[in-house]
Amino acid sequence: MRRPRAMVLDEVWRRLDGVEPLSGPHGGPLRRTVKLILDPLVIRPVQNPQCAGSMLSADGAVLLATRIHAAADVLRATAAWFTLLKQTRRGLRITEGNAQDLYFQRCFELATVSGMPDPAGDRAAAESALREIHGLSAGRTTQALKEYLSEPARVGELTELIQTAWRRRPLTEVPDHTDLLAGLLEACAATRFEDSGAVDLDAVIDASVGTHTGIRLWLNEIGCTAQEFGLTLYPLPLPPQVGFSASTATLGLPLDRTIHERVFTVLQASSERADLPPIPELVDAEIARACAPWALLDESLRVAAAAGAALAVNLCPLGDPRLRGHSPNGDAAPTPRAPLTLASSAAGLMGAAVSLTGTAAGPLDIPSGLPGAAAAGVAGLTTAAAGTVVPLAGSDGSLDTAAGSMAGSAGAPGGLGAAAASTVRTAELAGATADLPDSAGRGPVPVAETRRAREGAVGPDGGGAAARVINGRWQREAYVLQARRMAVRADAVDGPLGAIAADLRVPWRSYLRRLWARLHGRDVRDFPVYAADELWDLLDGVARSVILDHRMRVKRALAVIAAADPGERESRAG
C-alpha cells in the first residue's frame with residue numbers, strides 16, 4: 001500500500017533518540033532538517049527515486065527508513081554539534097542570521113568528520129567554525145543595516161533623498177515598443193535552434209526600450225497596470241519608504257518593498273557579502289534604483305523586465321487562451337472580463353486537465369441541469385487524440401462551469417462534476433463574484449479588470465513561439481494535472497489546492513515577481529544581460545523555477561490531503 005512520504009518520514013524520525021535539537025515541538029523533524037540535512041545528505045532522492053515521490057510504495061518506505069537508520073549515529077552527532085555551536089554563538093554574542101540555515105549542514109560535516117563532539121575539548125573547533133561562517137559578511141550584516149537605518153537623523157535624510165529622486169522621474173511621452181518586444185521574444189526563442197547572432201540585442205538596448213516601457217508602466221499606458229502584474233497592491237507604484245525592519249516572511253510585493261527590505265534581501269541572498277559595496281553605498285544605490293523605471297538601473301535588465309512582462313501575459317497553464325490574462329499589445333478599447341468565483345476557478349481545472357491529457361475518447365455528455373451558457377460551452381467542446389491540446393470553447397465566464405461538469409465523464413469521483421456545477425450555479429444565481437487571493441497571502445487583488453489586445457492577438461497561438469514553449473512545458477506537468485483533477489472537489493476550494501487553483505488563473509504574477517527578484521539581484525551585482533540567448537535563458541529559467549515551485553506546492557498539498565483522509569485518497573487513486 002502506498003503511504004504519504006511525510007508520514008513515513010515522521011514515523012521513522014520519532015524512533016531515533018538524541019536528535020531533539022533537530023526536531024520540532026511534537027517530535028517530528030523540522031522542515032529545515034528535511035530540507036538541509038535529510039533530503040540532500042541522507043535520503044538523496046535523486047539517487048534513490050523510490051524515496052522521491054510524495055507517495056511512497058512499500059519498498060520506497062523501507063528504503064527511506066533504512067537510509068535514515070543507517071545515518072542515525074551521524075544525525076545524533078549533528079544534533080550535538082548544533083547544540084554546541086548555538087552555545088558558542090551566544091558566548092560570542094552573535095545574532096546574525098538563522099542558526100538552522102547557517103549551521104545545519106556545517107554540523108553534519110563536523111559530525112561526519114569528527115563524530116560526537118566533546119563539549120569542552122571541541123569548543124575551539126565550534127568557535128572557529130562560527131568565525132569562518134560569519135567572517136564572510138565583512139560587516140555587511142542585516143543587523144548593521146538595521147542600525148544604519150534606525151538613526152532618526154539619517155531617516156530624515158534618506159526620506160528627503162527618496163522624495164527628490166521620485167520627483168525627478170522621467171514621465172515624458174515615450175513611444176510604444178510592443179511590436180519590437182514581440183519580435184525580440186520570437187528571436188530569443190529561436191536561439192534554441194539558430195545562431196543567436198541574428199538578434200541585435202544591443203539595438204534594442206540603445207533604443208531604451210526597457211526604460212520607455214517602465215515609464216509607460218508608471219503612466220498606466222502599457223495595457224496592464226503594475227497591480228495587475230502583481231508587482232504592487234496599488235493601482236500605480238508609490239515612492240518607497242525607508243522602513244525600520246524586514247523579514248522574509250513578511251516581504252512586500254516587489255514595487256512595494258521598503259529600502260530596508262530591498263537591501264535586506266540582497267544581504268540574505270549573498271553568500272559572499274564581502275564582494276558587495278558597504279552598507280551606506282548599498283542604501284544610496286537602492287534609493288536610486290527604487291525610483292528608476294522597473295526599479296532597475298541597468299538598461300539591459302529593464303529590457304529583460306519588459307520582455308518578461310510581454311511574455312508573462314501570454315502564460316496559460318490551464319490551456320485556455322481566454323485565461324491568458326491581459327495583453328499589453330494593442331490600442332483597442334478595453335473589454336471587461338466577467339469576474340469568476342473561486343469555485344468556478346477550481347471547477348475549471350478539471351476541464352483543463354481533460355483537454356490537456358487528451359484521454360476523452362468520444363463526445364462528452366452534457367449533464368442535465370446546467371445553466372444554458374454552460375451547456376452551450378460543453379456542446380462546443382471537441383474531443384482529442386492522446387496528447388492533443390483541445391481549446392475549450394465558450395463565450396463567457398461560464399466556461400469553467402462547463403469544464404467542471406466534465407468530471408463525471410472523465411473518470412473523476414462520481415458526483416463531483418455536478419457538485420462543482422451546482423456550486424457555481426448557486427453563485428451565479430446569487431450574483432456573487434470574488435477576487436482571487438494574492439499568492440503572497442496579502443488579501444484580494446482584482447483579477448483582470450480589463451484587457452487590451454490587438455485584433456487576433458488572443459487566439460490559440462497568441463503570444464508566439466516563446467509563450468508556446470513555456471505553456472507547452474507547463475501544461476504537461478503531471479502534478480499540475482493531478483491538482484486540476486482534484487481541485488474540482490468543493491472542499492479543495494478552501495483547502496491547500498484552492499490557492500494553487502487561484503495561482504493557475506493568474507500565472508503571470510508569480511512569474512513576474514520571480515523575474516524581478518532575479519533582475520534586482522543582477523542589478524545590485526552589476527551583472528547585465530549581454531546576448532539574446534542569455535536573455536532567453538533568463539526568461540525560460542524563471543518559468544522553470546515557477547513551475548518547479550508550483551510542483552512542490554502541489555506535492556505538499558496532495559500529501560496533506562492524503563494524510564488527512566487516506567480512504568478518500570485510495571478511492572481517487574483507483
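The structure presented is a predicted model; accordingly, all values stated were derived computationally and were not measured.

(A) The arrangement of empty space enclosed by the protein in detail. Applying the stated criterion across every chain, the model contains 6 cavities of 30 Å³ or more. Taken as a whole, the second largest cavity spans an internal volume of roughly 100 Å³. Together, 13 residues line the second largest cavity, and Trp218, Pro237, Leu255, Ala290 and Ala295 are the ones closest to its centre. It is helix H11 (residues 209–218) that contributes the most residues to the lining of the second largest cavity, 3 residues altogether.

(B) Representation of the environment of Trp536. By secondary structure assignment, the location of Trp536 is in helix H23 (residues 532–564). Under the relative-accessibility criterion, Trp536 is labelled buried at 3%. Note: C-alpha distance between Trp536 and Glu186 (350 residues apart in sequence) is 9.9 Å.

(C) Structural context of the pattern of salt bridges. For the structure shown, the criterion picks out 20 salt bridges. Measuring nitrogen to oxygen at the nearest pair gives 2.8 Å for the salt bridge that ties Asp17 to Arg76. Placement of the pair is Asp17 in the loop between helix H1 (5–14) and helix H2 (31–43) and Arg76 in helix H4 (residues 72–91), with a sequence separation of 59 residues. Given the relative accessible area of 21%, Arg76 is considered partly exposed. Between Arg154 and Glu151 there is a salt bridge, with the nearest N and O atoms lying 2.8 Å from each other. The partly exposed category is assigned to Glu151, whose relative accessible area is 38%. Because the salt bridges share partners, they merge into one network encompassing Asp17, Asp73 and Arg76.

(D) Representation of the packing of aromatic side chains. Counted by the stated rule, this structure contains 2 aromatic pairs. With 4.8 Å between their ring centres and 70 degrees between their planes, Phe82 and Phe104 make a pair best called edge-to-face. Separated by 22 residues along the polypeptide, Phe82 in helix H4 and Phe104 in helix H5 (residues 99–114) bring together distant segments of the chain. Each member of the pair, Phe82 as well as Phe104, carries the same accessibility label: buried. Here Trp166 and Trp218 contribute two aromatic rings whose centre-to-centre distance is 6.2 Å and whose plane-to-plane angle is 70 degrees, an arrangement assigned as edge-to-face. A residue pair is termed long-range when its members are at least 10 positions apart, and Trp166 in helix H8 (residues 152–167) and Trp218 in helix H11 qualify at 52 residues. Relative accessible area serves as the criterion here: at 13%, Trp166 is assigned to the buried category. Classification of Trp218 by relative accessible area gives buried; the value is 9%. Its end group placed over the ring of Trp218, Arg169 keeps NZ or CZ at 4.7 Å from the ring centre.

(E) Geometry of unusual backbone geometry. With a phi close to 60 degrees, Arg93 is a non-glycine residue in the positive phi region. Assignment of secondary structure puts Arg93 in the loop between H4 and H5. If you check the backbone angles, Asp526 has positive phi at about 55 degrees while not being a glycine. Inspection of the secondary structure puts Asp526 in the loop between helix H22 (507–524) and H23. A relative accessible area of 61% places Asp526 in the exposed class.

(F) Representation of the packing of helix H9 (residues 178–190) against helix H14 (residues 299–312) in the model. At a minimum axis separation of 10 Å, H9 and H14 run at an interaxial angle of 85 degrees. Taken as axis vectors, H9 and H14 run roughly perpendicular relative to one another. Contacts between H9 and H14 pair Leu181, Leu184 and Leu185 from the former with Val303, Ala306, Ala307, Ala310 and Leu311 from the latter. In terms of residue class, the contact of H9 with H14 is made up of 8 nonpolar, no polar and no charged.

(G) Broad picture of the nonpolar core. Counting 55 residues, the largest nonpolar core has Phe229, Trp294 and Tyr511 as the members making the most contacts within it. Mapped onto this core, the elements with two or more residues apiece are H9, helix H10 (201–206), H11, H14, helix H19 (464–475), H22 and H23. In terms of residue count, H14 provides more of this core than any other element does, 10 residues in total. Beyond its immediate sequence surroundings of up to four residues, Phe229 is in contact with Leu217, Ile222, Cys224, Ala309, Val313, Trp508, Arg509 and Leu512. Grouped together as the second largest cluster of nonpolar side chains are 40 residues, Val19, Ala65, Ile94 and Phe104 included.

(H) A look at H11. Among the 10 residues in H11, 10 count as buried, and that is most of the element. Here H11 has its buried residues at Val209, Gly210, Thr211, His212, Thr213, Gly214, Ile215, Arg216, Leu217 and Trp218. Buried residues in H11 make contact with H8, H9, H10 and H14. Where H11 ends, the next residue or the one after it, Asn220, has phi of about 60 degrees, a positive value.

(I) Summary view of the layout of surface pockets. When its volume is computed, the largest pocket comes out at roughly 1,400 Å³. In terms of lining, the largest pocket is formed by 31 residues, of which the most central are Arg31, Val34, Asp39, Met552 and Arg556. Breaking the lining of the largest pocket down by element, the ones donating at least two residues are H1, H2 and H23. The biggest single contributor to the lining of the largest pocket is H23, with 10 residues. Among the residues making up the lining of the largest pocket, the classes are represented as 16 nonpolar, 3 polar and 12 charged. As for the second largest pocket, its lining consists of 30 residues, and the residues nearest its centre are Thr248, Leu251, Arg257, Arg514 and Ala517. With 8 residues, H22 is the single largest residue contributor to the lining of the second largest pocket. Per-class residue counts for the lining of the second largest pocket are 12 nonpolar, 10 polar and 8 charged.

About the cut-offs
Each chain carries its own residue numbering, running from 1 in the direction its sequence is written. Whole-chain, interface and lining totals are the exception, using all residues; otherwise, since this is a predicted model, local features are given only for residues with pLDDT of at least 70 and side-chain atom pairs are given and counted only at 80 or more. No hydrogens and no water enter the side-chain calculation; it runs on all heavy atoms of the structure. Site definitions follow a grid-based scheme: protein atoms alone, a 1 Å grid, a 1.4 Å probe that fits but cannot get out for cavities, and for pockets an open set with protein on both sides within 12 Å along at least five of seven lines, plus lining residues having an atom within 4 Å of a point. Grid points are joined across faces, edges and corners, and a volume is the space filled by probe spheres set on the points. Secondary structure elements are defined from DSSP: runs of H or I of at least 4 residues count as helices, runs of E of at least 2 residues count as strands, and each element is numbered from the N terminus. Buried residues are those whose accessible area, probed at 1.4 Å on protein chains only, stays under 20% of the maximum for their type, while exposed residues exceed 50% and partly exposed ones sit between those limits. For this document, the term salt bridge refers to a Lys or Arg side-chain nitrogen within 4 Å of an Asp or Glu carboxyl oxygen. Two aromatic rings, drawn from Phe, Tyr or Trp (for Trp, its six-membered ring), form a pair once their centres lie within 6.5 Å of each other, and the interplanar angle then sorts them: stacked below 30 degrees, edge-to-face above 60, tilted otherwise. We call a charge positioned over a ring when the NZ of a Lys or the CZ of an Arg lies within 6 Å of the ring centre and within 35 degrees of the ring normal. Helix axes are fitted to C-alpha atoms over the stretch in contact, other axes to C-alpha atoms as well, and angles between N-to-C directions run from 0 to 180 degrees. Geometric relationships in this document are graded by angle, where less than 35 degrees denotes roughly parallel, more than 145 denotes roughly antiparallel, 65 to 115 denotes roughly perpendicular, and other angles denote oblique. Residue contacts are defined here by distance: any two heavy atoms, one from each residue, within 4.5 Å place the two residues in contact. Only Asp, Glu, Lys and Arg are considered charged, only Ala, Val, Leu, Ile, Met, Phe, Trp, Tyr, Cys and Pro nonpolar, and every remaining residue, Gly among them, polar. In this description, a nonpolar core means a group of buried Ala, Val, Leu, Ile, Met, Phe, Trp, Tyr and Cys residues linked to one another through side-chain atoms lying within 4.5 Å.

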